[in-house]
Amino acid sequence: DLFVEWMPKRDLEMRINEQTRLRWERVRENLIAKAEDFPRSLILRDTHAENLIWLPEREGLKRVGLLDFQDALLGWGEWDMSMLLHDARRDVSMAAREASVRAYLDGTGGAKAAFDERLAVLGAMNIMRIMGIFARLVVRDNKPRYDTFQPRLRVLLNETLSHPAMAEAKDFVTAVAPHLL
């Protein structure tokens, strides 16, 4: 709910009222219901570039070190993939994204169509959550630098909402904040 609670406090063009809040709750519950059907795996939840370190003295996958893994839990593998591919703080090239997806699917044996749907659902949920967190950091905590990430998050939100599985969520964002798309 961070998206509907904090974004309107930072983005005065957003139109959230009691009716749209109830609509959001239906959208949110439908997204959660979709996610509950996705396969589960161990996730770190805060997987982004700042929490990865390169260890050149090691070989293979052991060259990648992880920081900030205390929030690990049983979740969805595509959540961590979304954190990596939809990085709020830096652009990820299309070549890097495609190579990551290919390696992930090769490693998991997953199907691309199912992966794309899970990435869209979990990605949109995560991006909206982060947009709300960053709005809260600006409004409540007086940290204006987090506004600099909102344009990138808007692009990423638009990408995830373009998936057919996200039609209801896209309709919601179009109704309350068309400028975000």
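Notes on the structure in this doc start here. None of these values were measured; they are calculated from a predicted model.

Among soluble globular proteins, nonpolar side chains are generally buried collectively. In this structure, Phe3 and Phe134 are the most contacted members of the largest nonpolar core, which totals 43 residues. Among the secondary structure elements, those contributing two or more residues to this core are helix H1 (2-10), helix H2 (18-36), helix H3 (77-85), helix H5 (112-139), helix H6 (150-161) and helix H7 (167-176). It is H5 that provides the largest number of residues to this core, a total of 13 residues. Every residue in contact with Phe3, bar those within four places of it in the chain, is listed here: Pro8, Met14, Met128, Met131, Gly132, Phe172, Val173 and Leu180. Counting residues in each nonpolar core, the second largest holds seven residues, with Leu85, Val101, Phe115 and Leu119 among its members.

As enumerated under the stated definition, the model contains 13 salt bridges in all. Where Arg154 meets Asp11, a salt bridge forms, and the shortest distance between an N and an O atom there is 3.5 Å. Taken together, the residues span a long stretch of sequence, with Arg154 in helix H6 and Asp11 in the loop between H1 and H2 at a distance of 143 residues. Classification of Asp11 by relative accessible area gives buried; the value is 8%. Overlapping salt bridges bring together Asp1, Glu5, Arg21, Glu25, Arg28 and Glu29 as one network.

A word on the environment of Leu153. Within the secondary structure, Leu153 is located in helix H6. Sequence separation of Leu153 and Met128 is 25 residues, and the distance between their C-alpha atoms is 8.2 Å. If near-sequence neighbours (up to four positions away) are discounted, Leu153 is found in contact with Ala88, Ile127, Ile130, Met131 and Phe134.

Another aspect to go through is H2. In this model H2 runs 27 Å from its N-terminal to its C-terminal C-alpha over 19 residues, within 8% of the 27 Å that 1.5 Å per residue would give. Where the residues of H2 are buried, they touch H1, H5 and H7. Where H2 begins, one side-chain oxygen reaches toward the backbone nitrogen of Gln19, 3.0 Å away; that side chain belongs to Asn17.

Here Arg97 lies in helix H4 (residues 94-108). Once you skip the residues sitting within four places of it in the chain, Arg97 turns out to touch Leu85, His86, Val92 and Glu159.

The next point concerns the side chain of Asp11. A distance of 3.5 Å separates the side chain of Asp11 from the side chain of Arg154, its partner in a polar contact. Once residues lying within four places of it in the same chain are set aside, the contact partners of Asp11 are Arg154, His179 and Leu180.

Right, let's talk about the environment of Val64 for a bit. In this fold, Val64 is placed in strand E3 (residues 64-66). Residues Val64 and Leu52 lie twelve residues apart in sequence; the distance between their C-alpha atoms is 6.5 Å. In contact with Val64, other than residues within four places in its own chain, are Leu52, Ile53 and Trp54.

Right, let's talk about the packing of aromatic side chains for a bit. Considering all chains together, one arrives at six aromatic pairs under this definition. Ring geometry for Phe3 and Trp24: centres 6.3 Å apart, planes at 45 degrees, overall tilted. With Phe3 in helix H1 and Trp24 in helix H2, the pair connects residues that are 21 residues apart, well separated along the chain. Taking relative accessible area as the criterion, Phe3 reaches 1% and is therefore assigned buried. What makes Trp24 buried here is its relative accessible area of 5%.

Reading the values: the criteria
- Residues numbered from 1 in each chain as written.
- Predicted model: local features only at pLDDT ≥ 70, side-chain atom pairs only at ≥ 80, totals over all residues.
- Heavy atoms only, no water.
- Core = buried A, V, L, I, M, F, W, Y, C linked by side-chain atoms within 4.5 Å.
- Buried < 20%, exposed > 50% of the residue type's maximum accessible area, 1.4 Å probe, protein only.
- Helix = DSSP H or I, 4+ residues; strand = E, 2+ residues; numbered from the N terminus.
- Contact = heavy atoms within 4.5 Å.
- Salt bridge = Lys/Arg side-chain N within 4 Å of Asp/Glu carboxyl O.
- Expected span 1.5 Å × (residues − 1).
- Polar contact = N/O pair within 3.5 Å; in protein donor to acceptor, adjacent residues only side chain to side chain.
- Phe/Tyr/Trp six-rings, centres within 6.5 Å; stacked < 30°, edge-to-face > 60°.

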